[in-house]
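This is what each chain is made of:
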Amino acid sequence: MSDFVELRVANDLAGLAQVAERVEFFGAAQRLPAEVVNAVNVVLDEAVSNAINHGYDAGVRGEIAVRLRRAGDRVLVEVEDDGRPFDPLQVPPPDLTLPLEQRPIGGLGIHLIRNLMDEVSYVRVGGRKLLKMVKRLAST
Amino acid sequence: MELIESSTDGVTIMEPRGRMDTVGAKPFGDRVVELIRSGCRQMVIDLKHIQYISSAGFRALLIARKQSADTQGKLVLCGLSAEVRRLFEMSAFTEMFTICGTREEGLAKAK
């Protein structure tokens, strides 16, 4: 039973479905609780779609690597891409107290990543950027 | 994303099935907006076949909610799993929607 999987997708949204399927496959193989699989799927949808939508100029082809690793009671999730530098952790948290009329459309993605994962870090490696996330199985 | 639509006593019921993520939220959101634009004022969105919602899904729901409010319509959600409810709470979306347990309760609220 593989405890590591890496998937490389192009910077278009068709890659997102591949990522979600791979997460579900990995989760089943590792017998991960459904809430962990769901949490990983949510944060990967946020991180990969952010990389696709904000990291590349129109027409520029890029590659995004997604890695999942099971290490004891932790699941390590990595998203590495060659798009332009952007540290999602510098994005200020959204104001969730605003009423319906003033609630902005968007801004929730990073908030969900921070809340669903136990650890999140961002590093630059050469010309690539790497978002590392950890989900502890006991913490769900 | 599969969208199952039905109607009971004038209330439109929308039942999305699949991943409410960047890819799935698009056809879902587009269809809900289209329904409200074409005059639908009472709608129940049954989320029982949705396992998780990412920010793209919340964005689609927020647009639908705002549009429904603008047209004095009723938009009710039902069938949230414990997981989906937790994501709603995390996003502070719970208090912006009328949320019912079952479809029957949702239909009663939407009338």
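Just above, that's the structure.
A brief structural summary. (Residues numbered from 1 in each chain as written. Chains lettered and ligands numbered in written order. Predicted model: local features only at pLDDT ≥ 70, side-chain atom pairs only at ≥ 80, totals over all residues.)

**As for the overall build of chain A**
Next up, step 1: Each helix and strand in chain A was counted, giving three helices and five strands.
Next up, step 2: The order of α-helices and β-strands along chain A, N terminus first, is β-α-α-β-β-α-β-β.
Next up, step 3: Relative to its length of 140 residues, chain A is compact, with a C-alpha radius of gyration of 15 Å against a globular reference of 14 Å.
Next up, step 4: With the C-alpha coordinates aligned to their principal axes, the bounding extent of chain A is approximately 45 × 35 × 25 Å.
Next up, step 5: Buried positions account for 33% of the 140 residues belonging to chain A.
Next up, step 6: Intrachain contacts of chain A at a sequence separation of at least 6 include 65% that bridge at least 24 residues. (Helix = DSSP H or I, 4+ residues; strand = E, 2+ residues; numbered from the N terminus. Rg over C-alpha atoms; globule rule 2.2 N^0.38 Å. Buried ≥ 20, exposed ≤ 12 C-beta atoms within 10 Å, placed from the backbone. Contact = placed C-beta atoms within 7 Å.)

**Considering the interface of chain A and chain B**
Next up, step 1: On the side of chain B, 21 residues touch chain A, which itself brings 20 residues to the contact.
Next up, step 2: Every element with two or more residues in the side of chain A that touches chain B is listed here: α1 (14-29), α2 (34-55) and α3 (109-116) of chain A.
Next up, step 3: Tallying contributions element by element places α2(A) first for the side of chain A that touches chain B, with seven residues.
Next up, step 4: Classifying every residue of the side of chain A that touches chain B by side-chain character gives 10 nonpolar, six polar and four charged. (Nonpolar A, V, L, I, M, F, W, Y, C, P; charged D, E, K, R; others polar.)

**Observations concerning the sheet that holds strand β4 (residues 119-125) of chain A**
Residues and elements named next belong to chain A.
Next up, step 1: Read from one edge of the open sheet, five strands run β1-β2-β3-β5-β4, paired in antiparallel fashion. A strand with exactly one partner marks an edge of an open sheet, and here the two such strands are β1 (4-10) and β4. With strand direction ignored, the average angle separating the axes of adjacent strands in the sheet is 15 degrees.
Next up, step 2: As judged from the eight bridges shared by strand β3 (residues 74-81) and strand β5 (residues 128-136), these two strands associate in the antiparallel manner. (Pairing = 2+ DSSP bridges. Axes fitted to C-alpha atoms, helices over the stretch in contact; angles between N-to-C directions.)

**Quick look at α1(A)**
Side chains that are three or four residues apart share a direction in an α-helix, a result of its 3.6 residues per turn.
Next up, step 1: The end-to-end C-alpha distance of α1(A) is 24 Å, a good match for the 22 Å that 16 residues give at a rise of 1.5 Å each.
Next up, step 2: Those residues of α1(A) not exposed but buried are A:Gly15, A:Leu16, A:Val19, A:Ala20, A:Val23, A:Phe26 and A:Gly27. One side of α1(A) holds all its buried residues, which, seen down the axis, span an arc of 140 degrees. Exposed and oriented more than 90 degrees from the buried face of α1(A) are A:Ala14 and A:Ala28.
Next up, step 3: Close packing links the buried residues of α1(A) with β1, α2 and β2 (63-71) of chain A together with β2 (11-20) and α1 (22-37) of chain B.
Next up, step 4: One or two steps after α1(A), the chain reaches A:Arg31, where phi turns positive at roughly 50 degrees. (Expected span 1.5 Å × (residues − 1). Arc of directions from axis to C-beta.)

**Quick look at unusual backbone geometry**
All names here are of chain B.
Next up, step 1: A positive phi is found at glutamine 72, a non-glycine position, where the angle reads about 55 degrees.
Next up, step 2: The topology assignment puts glutamine 72 in the loop between α2 (55-70) and β5 (74-78).
Next up, step 3: A count of 7 C-beta atoms within 10 Å places glutamine 72 in the exposed class.
Next up, step 4: A positive phi angle, close to 55 degrees, is found at alanine 92, a residue other than glycine.

**Observations regarding the environment of B:Tyr52**
Next up, step 1: Note that B:Tyr52 resides in strand β4 (residues 50-53).
Next up, step 2: Among the residues examined, B:Tyr52 registers 25 C-beta atoms within 10 Å and is labelled buried.
Next up, step 3: A C-alpha to C-alpha distance of 9.0 Å links B:Tyr52 and B:Gly18, two positions 34 residues apart in sequence.
Next up, step 4: B:Tyr52 has contacts with A:Asn38, A:Asn41, A:Val42, B:Met20, B:Glu83, B:Val84 and B:Leu87, leaving out every residue within four places of it along the chain.

**Brief notes about the pairing of β4(A)**
Residue and element names in this part refer to chain A.
Next up, step 1: With respect to burial, β4 is a largely exposed element, only zero of its seven residues being buried.
Next up, step 2: Here β4 pairs with β5 via seven bridges, running antiparallel. When the bridges of β5 are listed, valine 123 appears paired with leucine 130.
Next up, step 3: Taking the residues between adjacent antiparallel strands as the criterion, β4 and β5 are bridged by two residues, where glycine 126 takes a positive phi near 60 degrees.

**Description of the nonpolar core**
Next up, step 1: With 66 residues, the main nonpolar core has A:Val43, A:Leu44, A:Val48 and B:Val44 as its most contacted residues.
Next up, step 2: Tallying contributions element by element places α2(A) first for this core, with 10 residues.
Next up, step 3: The residues touching A:Val48, leaving out its near neighbours within four places in the chain, are A:Gly15, A:Leu16, A:Val19, A:Ile64, A:Val66 and A:Val79. (Core = buried A, V, L, I, M, F, W, Y, C linked by C-beta atoms within 7 Å.)

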